[in-house]
Amino acid sequence: MSYTMTFDVSHKVKIGGGHVKNFLRHIARDADQAAGFHFQHVNKNIVPERTKLNFTRVNDGAGDFRALKSVDGRPPSQELEDYLNQRLATVTKGLRKDAVPIRGIILQLDPKWFEEHNPGWRETGINRAAVDNLDASLEWACKEFGQKNLIGFSLHLDEYSPQLQVLMTPVTEDGRLAQKDFFKGPSDLRRQHKELRGHMDEAGYDVEVRVTERSTEHLSSSEFQAKADRLQAAAQDIEDEKATYETLVRSLDVRRSNLDAQQAALAQKEREVAAEQEKARRAAEAAETAQQAAAAARFAAKLARDEAEKERARLQATNDRLQQLPPDFDRWLDKVRVGGTPLRDRFMADMAKARAARSDVARQVGYPVRNKGAEDAEREGG
């Protein structure tokens, strides 16, 4: 995978009005902070807790760069201004009031490269691979603009993305302060960017062949900061929108999960209701069957009672008829003998058998049993 390489030289710092001092303090804020100096900075995107991770160096005047230090109680950032003044002292012509003694150069690796190769840079600083790539870009700047024209540099890790800020003063070999000798126009800027990409590719940084868009404006320090603020605000808006979108997606996922759970609970409830309804239906059918069986039993009982009542009436009629014998028949039973035995004795024996049979039937249907012999005896005794 290839990565971009930012090359931005649009930032101009003009002389006068305190612009130079404020800009250098902004660049070397880590060194000032470490020495106990704290200055206000207009860049709202700085994360103060990460400023200690920044890395700032000043030209030592001998072909190298060294750490800044506080001299005579002054803030370390003053050393950058001291070196600048040394270079400007070599300019043979007086400086104009609108002269631009510093050109800010931003050399920045692709933020994606850091996320993939140095994801912990916000907590622990840059790793060896990042140092090597940034050293390679600084090496190109020394070659392109001359090492002695580089006032110093600072690797800023307390902003949105890591970036190398190189401070360049455009002093020519013949003692002129001439921006146009180093930045000759759009075509030369494209040449510089192309050569930078080629240098980075040789150093092992897989750089894109396409030249990324860069500013060709000539911005003052305040204009550059305003532009940086707008770009950072736009980037933050994108991040906020992304965070809002991700929050919305998570919220939708939670709602979807809750809806699924509610639908599952509703389906379970519907199954339970259906089961209860089926149970109630079966119970209703059983109750109806029981009611029908009870009605049939009551009807059968009524038929049995009616039949028993009829049988009792019939037996009563028979009994009453048998109890009422004509007087002539009664005298005839006493006169007639069969085999020497009065006919009455045989008749009474047959009647006793008949009463016994009727008594068995009466007991079966629940009819009261009358004892004719006992009744006759009571009448005779009375």
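Throughout what follows, the structure given in this document is the object of discussion. Note that the structure is a prediction, hence the values are computed from the model and not measured.

### Here we look at the pairing of strand S4 (residues 102-109)
Part 1 of the argument: Of all eight residues making up S4, eight are buried, and the element is well covered by its neighbours.
Part 2 of the argument: Side chains Ile102, Gly104, Ile106 and Gln108 project from S4 onto one buried face, and the interleaved Arg103, Ile105, Leu107 and Leu109 project onto a second face that is buried too.
Part 3 of the argument: Sheet topology places strand S1 (residues 5-13) next to S4; seven bridges connect them, and they run antiparallel. Note on S4: the bridge partner recorded for Val13 is Ile102.
Part 4 of the argument: One ladder, built from five bridges, connects S4 with strand S6 (residues 163-168); its direction is antiparallel.

### Regarding the pattern of salt bridges
Part 1 of the argument: This structure, assessed with the given rule, holds 21 salt bridges.
Part 2 of the argument: Between Arg281 and Glu285 there is a salt bridge whose closest N-O contact spans 2.4 Å. Taken as a pair, Arg281 and Glu285 lie in helix H8 (residues 221-323) at a separation of four residues, close to a single helical turn.
Part 3 of the argument: With relative accessibility at 40%, the residue Glu285 sits in the partly exposed group.
Part 4 of the argument: In this structure, the salt-bridge partner of Lys302 is Asp306, at a minimum N-O distance of 3.2 Å. You can see Lys302 and its partner Asp306 sitting in helix H8, four residues apart, about one turn around the helix.
Part 5 of the argument: Taken together, the shared-partner salt bridges in this structure form one network comprising Glu144, Asp188, Arg191 and Glu195.

### A word on the pairing of strand S2 (residues 55-59)
In regular strands, side chains alternate between the two faces of the sheet.
Part 1 of the argument: With four bridges joining them, S2 and strand S5 (residues 150-156) adopt antiparallel strand pairing. Each residue of the ladder has a partner; that of Val58, found in S5, is Gly152.

About the criteria used
Residues numbered from 1 in each chain as written. Predicted model: local features only at pLDDT ≥ 70, side-chain atom pairs only at ≥ 80, totals over all residues. Heavy atoms only, no water. Buried < 20%, exposed > 50% of the residue type's maximum accessible area, 1.4 Å probe, protein only. Helix = DSSP H or I, 4+ residues; strand = E, 2+ residues; numbered from the N terminus. Pairing = 2+ DSSP bridges. Salt bridge = Lys/Arg side-chain N within 4 Å of Asp/Glu carboxyl O.

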